[in-house]
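Below are the chains, spelled out letter by letter.
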Amino acid sequence: MRFVEAPVTVQVPASSANLGPGYDSLGLALAVHDELTAEVLPGEELRVEVSGEGEGDVPRDEEHLVVQAMDAAFSLMGVPRPGLTLRCTNRIPHARGMGSSSAAIVGGIVLARALVPAGTELLGDGAAYQLANDIEGHPDNVAAAMFGGVTIAWTQAAVVDVQRLDVSAPVTLFVPQDAVATHVARGLLPVQVPHADAAANAARAALLVAALLVDPARLLPATEDRLHQGYRAPAMPDSHKLLRQMRVEGVPAVISGAGPTVLAFGHGLADWAPAGWTVVETEVASRGATVV
Ligand SMILES: Nc1ncnc2c1ncn2[C@@H]1O[C@H](COP(=O)(O)OP(=O)(O)O)[C@@H](O)[C@H]1O
Ligand SMILES: N[C@@H](CCOP(=O)(O)O)C(=O)O
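Per an unreviewed UniProt entry, the protein chain goes by the name Homoserine kinase and belongs to Aeromicrobium halocynthiae. In its Subcellular location (unreviewed entry) section, UniProt records this for the protein chain: "Cytoplasm".

Novice: Help me get a handle on the overall build of the protein chain, residues and values and all.
Specialist: When helices and strands are tallied, the protein chain shows 10 helices and 11 strands. Relative to the 2.2 N^0.38 estimate, which gives 19 Å for 292 residues, the radius of gyration of the protein chain is 19 Å and therefore close to what a compact globule would have. For the C-alpha atoms alone, the extent of the protein chain along its principal axes is close to 60 × 40 × 35 Å. Each of the 292 residues in the protein chain was classed as buried or not, and the buried ones make up 46%. Put simply, of all contacts in the protein chain between residues at least 6 apart along the chain, 74% involve residues at least 24 apart.

Novice: I'd like to hear about the confidence of the model for the protein chain, residue by residue, with values.
Specialist: Looking at the protein chain as a whole, the pLDDT averages 98, with 100% of positions reaching at least 70. With a pTM of 0.98, the predicted complex shows an ipTM of 0.99.

Novice: Would you mind going over the UniProt feature "binding site: ATP" (unreviewed entry) in the protein chain in detail, with residue names and values included?
Specialist: Mapped onto the present numbering, the UniProt feature "binding site: ATP" (unreviewed entry) falls at Pro 93, His 94, Ala 95, Arg 96, Gly 97, Met 98, Gly 99, Ser 100, Ser 101, Ser 102 and Ala 103. Counting through the fold element by element, Arg 96 comes out in the loop between strand 4 (83-90) and helix 2 (100-115). Setting aside anything within four residues of it in sequence, one finds Arg 96 in contact with Val 175, Ala 179, Pro 260 and Thr 261. By the secondary structure assignment, Gly 97 is in the loop between strand 4 and helix 2. Filtering out sequence-adjacent residues up to four positions away, Gly 97 remains in contact with Ile 255, Ser 256, Gly 257, Ala 258, Gly 259, Pro 260 and Thr 261.

Novice: Which residues make up the sheet that holds strand 9 (residues 262-265), and what values go with them?
Specialist: Read from one edge of the open sheet, four strands run 8-9-7-10, paired in antiparallel fashion. Where the open sheet ends on each side, the last strands, each with one partner, are strand 8 (253-255) and strand 10 (278-283). Each adjacent strand pair in this sheet contributes to an overall mean axis angle of 25°, direction not counted. As paired elements, strand 7 (residues 170-175) and strand 10 share six bridges and run antiparallel to each other. For Pro 170, the partnering residue across the bridge sits in strand 10 and is Glu 283. Running at roughly 160° to strand 8, helix 10 (residues 237-248) makes contact with strand 7, strand 8 and strand 9 of the sheet.

Novice: How would you explain the UniProt feature "domain: GHMP kinase N-terminal" (unreviewed entry) in the protein chain if you had to name every residue and give the values?
Specialist: Residues annotated by UniProt as "domain: GHMP kinase N-terminal" (unreviewed entry) correspond here to residues 65-149. Within residues 65-149, the helical portion is 64% and the strand portion 9%, while the C-alpha atoms at the span's ends are 24 Å from each other.

Novice: Give a detailed account of the environment of Pro 260, specifying residues and quantitative values.
Specialist: Of note, Pro 260 is situated in the loop between strand 8 and strand 9. Sequence-wise, Pro 260 and Leu 227 are 33 residues apart; in three dimensions their C-alpha atoms are separated by 16 Å.

Novice: Now, about the domain arrangement of the protein chain: what can you tell me, with residues and values included?
Specialist: For the protein chain, the domain assignment lists domain 1 (8-167 + 286-291) and domain 2 (170-282). Just the C-alpha atoms count here: the centres of domain 1 and domain 2 sit 24 Å apart. Taken together, the contact pairs 23 residues of domain 1 with 27 residues of domain 2. Only strand 1 (8-18) and strand 2 (22-41) provide two or more residues apiece to the side of domain 1 that touches domain 2. Examining the composition of the side of domain 1 that touches domain 2, we find that six residues originate from one element, strand 2, more than from any other.

Novice: Tell me about helix 10, and name the residues and values.
Specialist: The α-helix winds at 3.6 residues per turn, so residues separated by three or four positions along the chain end up facing the same way. Given a rise of 1.5 Å per residue, 12 residues ought to cover 16 Å, and the 17 Å separating the end C-alpha atoms of helix 10 matches this to within 8%. Along helix 10, the residues that are buried comprise Ser 239, Leu 242, Leu 243 and Met 246. Projection of helix 10 onto a plane perpendicular to its axis shows the buried side chains occupying an angular sector of 100°, all on one side. For helix 10, exposure combined with an orientation more than 90 degrees from the buried face picks out Pro 237 and Val 248. Where helix 10 is buried, its residues touch strand 7, strand 8 and strand 9. Positive phi appears at Gly 250, one or two residues downstream of helix 10, with a value of about 90°.

The rules we used
Residues numbered from 1 in each chain as written. Chains lettered and ligands numbered in written order. Predicted model: local features only at pLDDT ≥ 70, side-chain atom pairs only at ≥ 80, totals over all residues. UniProt positions renumbered as here; feature names shortened; annotations may be inferred. Helix = DSSP H or I, 4+ residues; strand = E, 2+ residues; numbered from the N terminus. Rg over C-alpha atoms; globule rule 2.2 N^0.38 Å. Buried ≥ 20, exposed ≤ 12 C-beta atoms within 10 Å, placed from the backbone. Contact = placed C-beta atoms within 7 Å. pLDDT = per-residue confidence, 0-100. Pairing = 2+ DSSP bridges. Axes fitted to C-alpha atoms, helices over the stretch in contact; angles between N-to-C directions. Domains from an automatic or database assignment. Expected span 1.5 Å × (residues − 1). Arc of directions from axis to C-beta.

Here you go:
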C-alpha cells in the first residue's frame, strides 16, 4: 500500500454544542484550532508528540484519541496503519465543553484519509461524519468540527445527518480552571424529562435558528434551556452562577457543551469573567476540519 509521503497537516476547530436548547443537536465551530501533522515512516513505528493542551496527560501510543480515530478510519478504508510520526499542537482546552475530543476524532479521521491517495473516494464526508459520531457517541460537536459554521445534527436509526448553516457571529468563552469530563456531566441527566420542558426547548431551539440567521435580538429568549443545564449545575456551580448573572442582565449566555465553559454571544464582555478564568473572544468558524 502506498501512502502520501510528504507530511500532511490538518486544522480542526473547537466546537460548542447545545447552544442552550439544542441538546445533542445544535453546534457551532469556533475559530480556535488544534493542528495535527502526520508523516509516514518506514516500518510500523508510531511516534506521538504533543504540545499545548493535555501535553502531560494524554497517552502517546495507540491509546491516543487521534490515533484511535485514525485507526478506525484506516480500517474503514481497508488499509493498514503505516509507520507514523504524529505531531499534535493542541489549543483547545480538554474537558471544558469546547469539543476537544470531537476535534481529536474528526481531525484524526480527516488526517488518515488525507494520507491515503484515494482517501476521499474510500471515505467520503458522510461516512467520515458517521464514523466520528460512532466514536464520540453524540453528533453535535463532530458535525460542527467536520463541517464548520452552525450545524443541526440528528440521528435516524443510528444514521447521522446534518444541516449546515452559514452564520457569522461573535462569541466570548469564559473558561474556568477546573475540568468536568463530558461523560460525568452526561451522567447527571435524568432518563425522563417533563413534557412541558421538552415543549419549551423545542420552541426555543426553533427560535434559535431564526435568531442566528435573521434576528440576533431574539438570542436571549432563544438560548433558554430546561433539559440539561440545570441538572448539571451541581457539577459546575460557578459556571451556573455566571450564566444566571449574565442572563438576568440580558446577555445571551449558555453552558458550552457539557460545560463548564460559559459561552456568550457578543464581544466586549470580558469584565464578566470571574477571577482566574480565561476569556477567549472569538467567532463562528466557517470551515470545519481542513487539510492545509
Ligand atoms: N487532542 C487530543 N488528543 C488526545 N486526547 C484528547 C484530545 N482532546 C481530547 N482528548 C481526550 O478527551 C478528553 C476530553 O473529552 P471530553 O470529556 O469529551 O471533553 P471536551 O468537552 O473537551 O470534548 C481528554 O481528557 C482526553 O482524554
Ligand atoms: N451534547 C453534548 C455536548 C458535549 O460537548 P463537550 O464539548 O462538552 O464534549 C452534551 O451536552 O453532553
